[in-house]
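Working through the structure, step by step
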Amino acid sequence: MLDKFYNPKILEEKYYKNWEDSGAFSANLNSDSEPYTIMMPPPNVTGSLHMGHGLTFTLQDLLIRFFRKKGRDCLWQPGMDHAGIATQMVVERQLAENNLDRRELGREEFLKKVWNWKTESGGIIMKQLRALGASADWERERFTMDEGLSQAVTRVFVRLYNDGLIYRDKRLVNWDPKLLTAISDLEVQQVEVNGKLWHFDYPIKGQENRSITVATTRPETMLGDTAVAVNPNDIRYKNLIGSLVVLPIIGREIPIIADDYSDMEKGSGAVKITPAHDFNDFDVGQRHNLEAINIFDEHAKLNENVPNEYRGLGRYEAREKIILTMDNLGLLSKVETNVHFVPHGDRSNVPLEPWLTDQWYCDAKTLAKPAIKAVKDGKTQFVPRNWENTYFEWMNNIQPWCISRQLWWGHQIPAWFGPDGEIFVTETENEAYQQALSHYGKEVSLKRDEDVLDTWFSSALWPFSTIGWPEKTGELKRYYPGDVLVTGFDIIFFWVARMMMMGLHFMKDVPFQTVYIHALVRDEKGQKMSKSKGNVLDPLELIERYGTDALRFTLTAMAAQGRDLKLSESRIEGYRNFATKLWNASRYTELNNCRYDPEFDPNNCRLAINNWIIFELKNAVSKVDSNIQNYRFNDAANAIYNFSWATFCDWYIEFTKPILAGEDTDAVNETKATTMFILKGILNSLNPIMPYITEELWFRLGFGTLLIKEAWTPFNDVEPDILAAKEIEWVVSLISEIRSLRSEASVPSKSKTNLILKDAENNHQNYLTNNNNIICKLANLDEIDVITGSLPKETIQGVIEGVSFGLSIVSKIDVEKERVRLDRELKKVSEDIEKVNKKLTNEKFVQRAPEKVILENRKRLLNAEDKKSKLEMAMSRLNATDS
């Protein structure tokens, strides 16, 4: 007998090890079944489970469990990312606690400490994923720094270099002066600051007392200016184009140039150009062949290219000194407050510095072309489709990818420099020396590039490097390309696009056929979760409180395509109650001596109620099946939820209680067998979403051994009596309509009423006769009459399938009091509708309000209009009792 109370914690500890030990998670290279592959987005080795992980890994696990049941040979390839910057920061902080610096240790010793940290403390998230029920093929777990993946990274770098798709160049990068490394554009956070705009006068050479005014938010960079730009169509400056200005403080003569970059409407229309410290200025400098003077060192302190009194100053200290000097020179003409965005590093949280430095780049534009075509041709499809536009927008405007990082933790770039700077790119040091010997004609010393590759470079190879590439393995042949990638929209650029580029270049095929982009998990008010707001929901705490199944079902039920999840703890509690409902229904079958009969034939049922529930089960399972395959996870969850809770527990069990208590042995046995047949179908269909409770009930109710290995049942060969099913469907609809009318009319729940049907056809009269007792019981009726002619005026009336019916309620309620209540509610909802309409028809409100606020108001309007319609209908019915 099942315990009286459902305790999810006991089940979770019990079953996960059983599943893993049974081999249920493992792919089978020798299987004759069609393969199904999902590449797990590798979480950072430094990471811990957050709600975004909870959503993405729940959906992936759901798909894997579902397709295993469908007979596919499923590989869910797990692994972790080495997370270059994040991991190095963790270990450097530990060193700092002991007053140590990695440079004091040296590279080799520092990397030993990183590997030690990884062994002892890294990878906590992989254990946490097990707590979520993730059924990945853990025996195949990979790490982006393991030997095989490192070999793949080196091979790719060398090939791309030899193909001319990787090169070294001096360009501006986003430089992090705290972490002392370049970071990608995608790792930049734009932070709004309340700053100032300083207007400086630059004297024009040869024209006494004449100057040109430039405005800047970064006075410290003026020491690196090499031009002033004006718009070629700006008549104010046409006669100055080609003239020289004398750069204050420095005394350097720089030209006034014509370039469309200068906006005539902004500021003075003239802009200072500092090619070495601004991305737009760098482009202007390239067009006009301007000198790029780097005035900062790696710590964002001023270097040897500035006057002595500024050298060694931090950038903000230099700013104040320059402003004071320009003011003393009489060249500071104006200062304005200016709200603008300053780029910050997303990990260091310090302002970044555009810095001119030698870095390694990947020709992303060339690699992007086949990746763009593949999506246009439908080889890879995005779900929802609108994310393709985001993908195309970025890919069509892609810039050279800076792939080098000034770190020690990561894949060290396989490049060696000769004494004259000649570069040798090879897979091994020995090959580099051989090439150098051939090049120089003698043995020379080589120095390996100290930089490492961007973490996303190795991650871009994930779909094929994890299954054996560059070797021609059986796994590579069988499991590439993958079926679907499940991920968030925030890494379409970081990861999805780059996997597409690398997969097509090295495997000559897309890495996955579908990219499912899930939405963000927000708090119940639609706000982004953050520690500073105190609105973070910890998935591990919620699992401890409500169980894994409740959290998984909540996330699945809310995972509507293209719509962010507004998650509240009450929703999770509600779905924990669903698990409890299922548990109690199972106990009910035990208490009523229901036993699973493997010989039961659902096509031979004689009772209408049993034919109906079998028909409904077949429809529900079909919906779950199709919705999962179409990535409509919320619809799949809601289909099985509504069937289990409402159709089975609330209707079928209530309908069949009198049968089980009756003396018709055949009817009792058929109903018991049907009940267990239905419960078996529920557990199997719900199992991919709620694996623990379904596994326990499956075993305890005698359906078999491990449910995780049970095949999906589509019930294609089940053909219940449709006419019998239609009978119960009509009865259920009638009871529901009666309950609704009673509720609208505020009939006390304990008060019984009479039901009168007008001009009911023979089949409907038969339905009533066959189900009279259960209708009276569930609709709280005294009796049912069928009449011809008009319904009595003292009834409230409804219609079901063309049959009019009335409930005698006048004696049960205070009609006048109910009319006053309805009138009051109507006035209230009408005022609400008018108020919201005013907002939505106000052009200023629509233009200024965030889209989220507008959508909330539209939803509020729809709900209010729906409520008004129902109240008006109730009032109409009430008034009809007087007419």
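First, a word on scope: everything that follows refers to the structure included in this document. These numbers come from a predicted model, not from an experiment. Within each chain, residue numbers correspond to sequence positions counted from 1 in written order. Selection of residues for local features in this predicted model requires a pLDDT of at least 70, selection of side-chain atom pairs for listing and counting requires 80 or more, and totals for whole chains, interfaces and linings are taken over all residues. Heavy atoms throughout the structure, all of them, feed into the side-chain values; hydrogens and water do not.

Concerning the pairing of strand β23 (residues 512-518)
Rules: Three exposure classes are used, based on accessible area relative to the maximum for each residue type with a 1.4 Å probe and protein chains only: buried under 20%, partly exposed in between, and exposed over 50%. The helix count covers DSSP runs of H or I at least four residues long, the strand count covers runs of E at least two residues long, and both are numbered beginning at the N terminus. At least two bridges found by DSSP between two strands are what make those strands a pair. Seen with the strands pointing away from the viewer, any crossover whose path from the first strand over the helix to the second strand runs clockwise is right-handed.
For β23, a buried count of six out of seven residues is recorded, marking the element as mostly surrounded by other parts of the structure. Looking at chain direction, strand β15 (residues 381-383) and β23 are connected through three bridges and run parallel. Looking at β23, one finds that Phe382 is bridged to Val515. Two elements, strand β22 (residues 482-488) and β23, share six bridges in a ladder whose sense is parallel. Across the sheet, Gly488 pairs through a bridge with His518, a residue of β23. Considered for its hand, the β-α-β crossover made up of β22, helix α16 (residues 492-507) and β23 is right-handed.

Concerning the packing of aromatic side chains
Selection criterion: Two aromatic rings from Phe, Tyr or Trp, using only the six-membered ring of Trp, form a pair when their centres are within 6.5 Å; if the ring planes differ by under 30 degrees the pair is stacked, by over 60 it is edge-to-face, and anything between is tilted. A ring has a charge above it when a Lys NZ or an Arg CZ is no more than 6 Å from the ring centre and no more than 35 degrees off the ring normal.
Enumeration over the complete set of coordinates arrives at 44 aromatic pairs. Measuring from centroid to centroid gives 5.9 Å for Phe110 and Trp408, while their planes differ by 65 degrees, and the two rings are edge-to-face. Here Trp408 lies in the loop between β17 (404-405) and β18 (415-417) and Phe110 lies in helix α5 (residues 107-120), a separation of 298 residues in the sequence. No difference in accessibility class separates Phe110 from Trp408, as the two residues are buried. Between Tyr516 and Phe633 the ring centres are 5.2 Å apart and the planes differ by 85 degrees, which places this aromatic pair in the edge-to-face class. Taken as a pair, Tyr516 in strand β23 and Phe633 in helix α21 (residues 633-660) lie far apart in primary sequence, 117 residues in all. A relative accessible area of 1% means that Phe633 is categorised as buried. Through a chain of ring-to-ring contacts, the aromatic side chains of Tyr15, Tyr16, Trp19, Phe25 and Tyr692 assemble into a single cluster. Cation over ring: Lys118 sits above Phe143, and NZ or CZ is 4.4 Å from the ring centre. The ring of Tyr361 is capped by Arg171, whose NZ or CZ atom sits 5.6 Å from the centre of that ring.

Thoughts on the pairing of strand β9 (residues 227-230)
Here β9 shows a buried face lined by Ala227 and Ala229 and a second buried face lined by Val228 and Val230. Of the strand pairs in this sheet, β9 and strand β12 (residues 270-273) are connected by four bridges, and their pairing is antiparallel. Note that in β12 the partner of Val228 across the bridge is Lys272. Relative to strand β11 (residues 253-258), β9 runs parallel, the two being bridged by three bridges. Note on β11: the bridge partner recorded for Val228 is Ile256.

Focus on the sheet that holds strand β19 (residues 423-425)
Strands in a sheet are paired, the pairing made by backbone hydrogen bonds, and the direction either parallel or antiparallel. Worth spelling out the cut-off: Residues count as neighbours in contact if any of their non-hydrogen atoms are within 4.5 Å of one another. Fitting a line to C-alpha atoms yields each axis, with helices limited to the stretch in contact; the angle taken between N-to-C directions then spans 0 to 180 degrees.
With antiparallel pairing, the three strands of this open sheet are ordered in space as β19-β18-β20. On the outer flanks of this sheet lie β19 and β20 (447-448), each paired with one strand and no other. Judged from the three bridges that link them, β18 and β19 form a sheet pairing that is antiparallel. When the bridges of β19 are listed, Phe417 appears paired with Ile423. Contacts from helix α12 (residues 429-440) reach β18 and β19, with the element oriented near 140 degrees to β19.

Observations regarding the packing of helix α7 (residues 147-162) against α16
We count it as follows: We call two directions roughly parallel when the angle between them is under 35 degrees, roughly antiparallel when it is over 145, roughly perpendicular when it lies between 65 and 115, and oblique otherwise. Gly is placed with the polar residues, together with every amino acid not listed as nonpolar (Ala, Val, Leu, Ile, Met, Phe, Trp, Tyr, Cys and Pro) or charged (Asp, Glu, Lys and Arg).
Orientation of α7 relative to α16, taken along the N-to-C sense of each, is 80 degrees, at an axis distance of 12 Å. Between α7 and α16, the angle falls in the class roughly perpendicular. Between α7 and α16, the residues in contact are Val156, Arg159 and Leu160 and Met502, His505 and Phe506, respectively. Across the contact of α7 with α16, the residue classes break down as four nonpolar, one polar and one charged.

Structural notes on the nonpolar core
Short version of the rule: Nonpolar cores are built from buried Ala, Val, Leu, Ile, Met, Phe, Trp, Tyr and Cys residues. Side-chain atoms within 4.5 Å join them into one set.
Formed by 151 residues in total, the largest nonpolar core has its most connected members in Leu63, Phe553, Phe648 and Phe655. Residue contributions to this core peak at 13 residues, all from α21. Here Phe655 is in contact with Ile609, Ile728, Val731, Val732, Ile735, Asn771, Ile774 and Leu778, once residues within four sequence places are set aside. In terms of nonpolar packing, the next biggest core, distinct from the first, is built from 61 residues, Ala152, Leu160, Met499 and Met501 among them.

Considerations on the packing of helix α2 (residues 51-69) against helix α20 (residues 608-629)
Condition: Take the far helix as the reference: if the near one is turned anticlockwise from it by less than a right angle, the crossing is left-handed, and if turned clockwise, right-handed.
Put simply, α2 and α20 touch, their axes get as near as 11 Å, and they point 125 degrees apart. Here α2 is positioned oblique relative to α20, judged by the angle of their axes. You can see that α2 and α20 cross each other, and the crossing is left-handed. Where α2 approaches α20, its residues Leu62, Leu63, Phe66 and Phe67 are matched on the opposing element by Asp625, Ile628 and Gln629. For the contact of α2 with α20, a count of residues per class yields five nonpolar, one polar and one charged.

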